[in-house]
Amino acid sequence: MNLRKTRVFWTFTLLLLLPILGVSAQISLMDYEQGLYSIPVSNPDFILFTIELGMTQADFPAEPLLRLIDRLASHPGAVFEKDGILIILAHALEDGLPIEGLVGKALEGLARNVSLQQIEQGLSQLLILLAETRDLFYSKGIFNAPAGAPQAVPTAIPTLRFNQLLIHVSGTIGDFLESGGSPFEGHLLYQGMHNRLTMLQGITLLPEDVELVLDRIEPSDLTQVALVAVR
Amino acid sequence: MKHDELDNLLRDTLKADVAASKSCILGMEDRVIMQLGERSPRLRWSQWLAQLAAPTRGVRLGQIAVVGATAAIFLFIGLALANRILPGNNSPGLSLQPVRSADGNQEVLFVMPALDAESVAVVGSFNAWEGTALSDLDGDGIWTASIPLSPGRYEYAFIIDGRWWGQDPLADDYIQSFGEYSSVRYIGRGGDGA
């Protein structure tokens, strides 16, 4: 291989590696800050503070959140509506709730070209469902055991596993309501939850966690959660 | 002219006409009967079916040719589709059965038939709802893309020439989101998206 060919080879290799290196680079608080100031949001300090809180979580969706902020920054919608979406995410982070589903929902709404107001309403309902489902878990003795904390009761589940259950149970209720289901159809809600958790059993959910939820949560419990969300 | 004279004239004229066309009238009855005999009788439906089941040799050969050609066309289409989507062929990347890679991800095939489409893409929770283009290299109208996915649940939809299409026949489930349908696939044990 002559010198010219070697140079061309390395140039192409570098060009191919650059995007990979860029994507895998650690996302810092500064990246979010730049995005937030380019919107610009009304209370960047509060949002940044909650993002910093969230970054300590193992399941924090760092890259999707940055992507959402960038897309909001380039969206032609009103600033107060973008602000509203980010405030909902900030409240979820502040409350220690997983935001994976919320970020995904917002990205989907933007891709579908749905109005920012509609996205905000969807996120708001999902946030209520997350919080209510977590309260339901607690009331049923299903607890969240942060990493490193002693497991006080056998039904305390490590945060990552707890959050996955939370996302899928609240997500089932959210999907059901969005599809026009009535909160009073508790048996259908339960069936939907059963199907979803069973399908994920052994994939992203542990069988014992699925069993715990299916044993302790009843159709009427899901009706109660759904009613709060549509109120 | 008197009535008697008119009657006589008419009678004579008719007689003359009959005499002139005597050759045509003679044997007419026989000819009519013979022609009626040559016409094939009208078949009842049961007789028609019986004839269809036991046709002449020429008709039977024609029927066999038509049935054979139809079967060959369907076989060809079936094989063409099977080559694209079933496992165990020479293109494992285009299998509906996810192929697990070393990093735990699975190559998942997305297929959308769209005969006259200019472009087809798939958007979903696996690509932050940003389009991943499907390709139709052989131009048969079946668009495919193979995407590496880690085990889990994914919501997605296709975009065909700019229009969203959320009901993938290969999906495990369907939901409504923002008033539109989305498909759901479970990748890993249990669903596999197949």
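These figures come from a predicted structure and were not determined experimentally. (Residues numbered from 1 in each chain as written. Chains lettered and ligands numbered in written order. Predicted model: local features only at pLDDT ≥ 70, side-chain atom pairs only at ≥ 80, totals over all residues. Heavy atoms only, no water.)

### What about the pattern of salt bridges?
- Enumeration over the complete set of coordinates arrives at 12 salt bridges over all chains.
- For Glu 155 of chain B, the salt bridge goes to Arg 153 of chain B, with nearest N and O atoms at 2.8 Å.
- Look at Arg 153 of chain B and you get buried, because its relative accessible area is 14%.
- A single salt-bridge network, built from bridges that share partners, covers Glu 63, Arg 67 and Arg 71 of chain A together with Glu 130 of chain B. (Salt bridge = Lys/Arg side-chain N within 4 Å of Asp/Glu carboxyl O. Buried < 20%, exposed > 50% of the residue type's maximum accessible area, 1.4 Å probe, protein only.)

### Quick notes on the confidence of the model for chain A
- Looking at chain A, pLDDT values average 90 and 88% of them are 70 or higher.
- Segment residues 14-24 of chain A: pLDDT under 50, and 0 contacts once partners within four positions in sequence are set aside and those in other chains are kept. (pLDDT = per-residue confidence, 0-100. Contact = heavy atoms within 4.5 Å.)

### Considerations on the domain arrangement of chain A
Residue and element names in this part refer to chain A.
- Each assigned domain of chain A is listed with its residue range as follows: domain 1 (25-114) and domain 2 (120-146 + 153-231).
- Each of domain 1 and domain 2 has a C-alpha centre, and the two are 24 Å apart.
- Between domain 1 and domain 2, roughly 1400 Å² of surface is buried when both sides are summed, and carbon and sulfur atoms account for 70% of that area.
- Between Lys 105 and Glu 178 there is a salt bridge, and its shortest N-O distance comes to 2.4 Å.
- Scanning the region where domain 1 abuts domain 2 turns up 3 residue pairs in polar contact (both at pLDDT 80 or more).
- Those elements that place two or more of their residues in the side of domain 1 that touches domain 2 are α5 (79-94) and α6 (100-111).
- Top element by residues in the side of domain 1 that touches domain 2 is α5. It accounts for 6 residues.
- Residues that form the side of domain 1 that touches domain 2 fall into these classes: 8 nonpolar, 4 polar and 5 charged. (Domains from an automatic or database assignment. Buried area = accessible area lost by both parts, 1.4 Å probe. Polar contact = N/O pair within 3.5 Å; in protein donor to acceptor, adjacent residues only side chain to side chain. Helix = DSSP H or I, 4+ residues; strand = E, 2+ residues; numbered from the N terminus. Nonpolar A, V, L, I, M, F, W, Y, C, P; charged D, E, K, R; others polar.)

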